[in-house]
Amino acid sequence: MTQQLSELETLRPRRRRHRVTSLTIGLTLVAILVLTALFAPLLAPVDPNMQTISARLLPPSAQHWFGTDGFGRDLLSRVIYGARPTLLLVSLILVLTIPVGLLVGITAGYVGGWTERVLMRITDIFLSLPNLVIALALVAMLGPGLMNGALALALTSWPPFARQARAETLALRRSDYLAAARMQGITGLRLMFGHILPLCLPTAVVRAALSLGGIILSAAGLGFLGMGVQPPTAEWGSMVAEGSKVIFDQWWVAAAPGAAILFASLAFNLTGDGLRDRLDTRHAK
């Protein structure tokens, strides 16, 4: 009997040990960031735009956890509300960038010929342009604002997606999978978007997650230079710019939004690394 019980114990599937991976940590941080933006009115202790001149530039304390800025506004409330325009800007950039990049890349890789050459040369031109400089030039022409900033950053963010989608399409163009689809009479747009697009989406998602940290820094750069979301709306880049004027005496004014930018960039970078390890077996540990 004891021998049979021991055999049954060996046959039982062992419970998997739950490892703490970069994906779980990244998704947890992203969830905290999103929930903070969604429930900002409940989490913020006071109105982020309420000015109290008598309480200006106060250090962190029990009443103001992150201190106050030059207008006496509570920095904790402004950091919490600052997650909203940042996430909205990132979402707009992704909505504009990923479809354009995939469309250009899949079309170039599938059609080939002069179409591929023209599309790839246009992609190379945009790749050679410095992202933030072009974004600043476009925002200067269009005017500062959230939507204009998203358009400017999206204009220089789609080429990497296009090149990656083209490379994957070229690898798939002569595969048995697409040959079987052609034998069933599937060609043209139906083949491109019904069979090639689903195979290119996982790597596009990974690249998007990895590029979000850089996009957040670029968005903060626009705000720092006064080209992004305009005051008095709470935005991390513009808050750092305000704090840079008094950074040697009142360091917390710039440190609080700077830490928020670091937190958001770290969250998306960890998520991107985890997705790459999960979706690409070559990087699996």
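Residues numbered from 1 in each chain as written. Predicted model: local features only at pLDDT ≥ 70, side-chain atom pairs only at ≥ 80, totals over all residues. Heavy atoms only, no water.

Trainee: How do you make sense of the overall build of the chain when you look at a structure like this?
Mentor: Of regular secondary structure, the chain possesses 12 helices and zero strands. Ordered by position in the sequence, the α and β elements of the chain form the string α-α-α-α-α-α-α-α-α-α-α-α. Its C-alpha atoms give the chain a radius of gyration of 24 Å, more than 25% over the compact-globule value 19 Å for 285 residues. Based on the C-alpha atoms only, the size of the chain along its principal axes is roughly 75 × 75 × 30 Å. Relative to its full complement of 285 residues, the chain shows a buried share of 41%. As presented, the chain carries roughly 16200 Å² of accessible surface, and 66% of it is formed by carbon and sulfur atoms. Averaging the locations of the 24 positively and 15 negatively charged side chains of the chain gives two centres separated by 8 Å. (Helix = DSSP H or I, 4+ residues; strand = E, 2+ residues; numbered from the N terminus. Rg over C-alpha atoms; globule rule 2.2 N^0.38 Å. Buried < 20%, exposed > 50% of the residue type's maximum accessible area, 1.4 Å probe, protein only. Areas by Shrake-Rupley, 256 points an atom, 1.4 Å probe, with all protein chains shown as cover. Lys, Arg positive; Asp, Glu negative; His and termini not counted. Charge placed at Lys NZ, Arg CZ, Asp CG, Glu CD.)

Trainee: Before we go on, may I ask you to explain a nonpolar patch on the surface in this structure?
Mentor: A cluster of nonpolar side chains, namely Val34, Leu35, Leu38, Phe39, Leu42 and Leu43, defines an oily patch on the protein surface of about 590 Å² accessible area. Taken together, the elements giving at least two residues each to the nonpolar patch come down to α2 (22-38) and α3 (40-43). For the nonpolar patch, the element with the most residues is α2, which contributes three residues. For Leu43, the location among the structural elements is in helix α3. (Patch = residues over 30% accessible without salt bridge, like charges linked within 9 Å, V, L, I, M, F, W, Y side chains within 5 Å. Salt bridge = Lys/Arg side-chain N within 4 Å of Asp/Glu carboxyl O.)

Trainee: What is the right way to read helix α10 (residues 188-224) from this model?
Mentor: Because an α-helix completes one turn every 3.6 residues, residues spaced three or four positions apart along the sequence face the same direction. Here α10 contains 37 residues, and its C-alpha end-to-end distance of 46 Å is more than 12% below the 54 Å for a straight helix at 1.5 Å per residue. At Leu197, α10 is deflected by roughly 50 degrees, the largest bend along its length, and proline Pro198 occurs up to four residues later in sequence. Trailing α10 by a residue or two, Gly226 shows a phi angle of about 80 degrees, which is positive. (Expected span 1.5 Å × (residues − 1). Bend = angle between axes of the 7 residues up to and from the residue.)

Trainee: Would you explain the nonpolar core in this entry?
Mentor: As a rule of thumb, soluble globular proteins bury nonpolar side chains together. With 36 residues, the main nonpolar core has Leu33, Ile93, Leu153, Trp236 and Phe268 as its most contacted residues. Elements supplying a minimum of two residues to this core: α2, α4 (75-111), α6 (131-142), α7 (146-155), α10, α11 (236-244) and α12 (252-279). Considering each element in turn, this core owes the most residues, eight residues, to α12. Once residues within four sequence positions are removed from consideration, Trp236 is found in contact with Leu33, Arg78, Val79, Gly82, Ala83, Thr86, Pro257, Ala260, Ile261 and Ala264. Within the second largest apolar cluster, 17 residues are counted, among which are Leu178, Ile196, Leu197 and Cys200. (Core = buried A, V, L, I, M, F, W, Y, C linked by side-chain atoms within 4.5 Å. Contact = heavy atoms within 4.5 Å.)

Trainee: Just to check I follow, could you spell out the UniProt feature "domain: ABC transmembrane type-1" (unreviewed entry) in the chain for this structure?
Mentor: In the UniProt entry, the feature "domain: ABC transmembrane type-1" (unreviewed entry) is given for residues 83-272. Across residues 83-272, helical content stands at 82% and strand content at 0%; the span's end C-alpha atoms are separated by 19 Å. (UniProt positions renumbered as here; feature names shortened; annotations may be inferred.)

Trainee: What is the right way to read the side chain of Thr107 from this model?
Mentor: Relative to the helices and strands, Thr107 is located in helix α4. Exposure remark for Thr107: the relative accessible area of 18% places this residue in the buried category. Contact partners of Thr107, with chain neighbours within four places excluded, come to Gly112, Thr115, Leu119 and Met192.

Trainee: Just checking my understanding: could you explain the pattern of salt bridges for this structure?
Mentor: A side chain of one charge can pair with a side chain of the opposite charge when the charged atoms of the two come close. Under the definition given, this model contains six salt bridges. Here Asp124 ties to Arg121 by a salt bridge, and the two come within 2.9 Å at their closest N and O atoms. Of this pair, Asp124 and Arg121 both sit in helix α5 (residues 113-127), three residues apart, which is roughly one turn of the helix. A relative accessible area of 27% places Asp124 in the partly exposed class.

Trainee: Sorry, what's going on with the UniProt feature "transmembrane region" (unreviewed entry) in the chain here?
Mentor: The sites that carry the UniProt feature "transmembrane region" (unreviewed entry) are, in the present numbering, residues 20-44, 87-111, 132-157, 177-197, 209-230 and 250-270. End-to-end, the C-alpha atoms of residues 20-44 are 30 Å apart, and along that stretch the chain is 84% helix and 0% strand.

Trainee: So what exactly am I meant to see when it comes to unusual backbone geometry here?
Mentor: The general pattern is negative phi for most residues beyond glycine and trans for most peptide bonds. The backbone of Leu57 sits at a positive phi, close to 55 degrees, despite the residue not being glycine. Position of Leu57 among the secondary structure elements: in the loop between α3 and α4. Given the relative accessible area of 18%, Leu57 is considered buried.

Trainee: Explain the packing of α5 against helix α8 (residues 159-173) to me, please; I cannot follow it from the model alone.
Mentor: Each pair of packed helices can be summarised by the angle the axes make with each other and by the distance between the axes. It is the contact of α5 with α8, at a shortest axis distance of 9 Å, that shows an interaxial angle of 145 degrees. As for how α5 packs across α8, the hand of that crossing is left-handed. Contacts from Glu116, Met120, Thr123, Asp124, Phe126 and Leu127 of α5 reach α8 at Pro159, Pro160, Ala162, Arg163, Arg166 and Leu170. For the contact of α5 with α8, the class distribution of residues is seven nonpolar, one polar and four charged. (Axes fitted to C-alpha atoms, helices over the stretch in contact; angles between N-to-C directions. Left-handed = near helix turned anticlockwise from the far one by under 90°. Nonpolar A, V, L, I, M, F, W, Y, C, P; charged D, E, K, R; others polar.)

Trainee: How should I be thinking about the environment of Leu170 in this particular structure?
Mentor: On the secondary structure map, Leu170 appears in helix α8. Looking at Leu170, the relative accessible area reads 30%, which means it is partly exposed. Expressed as a C-alpha distance, the spacing of Leu170 and Gly109, which sit 61 residues apart in the sequence, is 5.2 Å. With residues up to four places along the chain from it excluded, the contact list for Leu170 reads Gly109 and Glu116.

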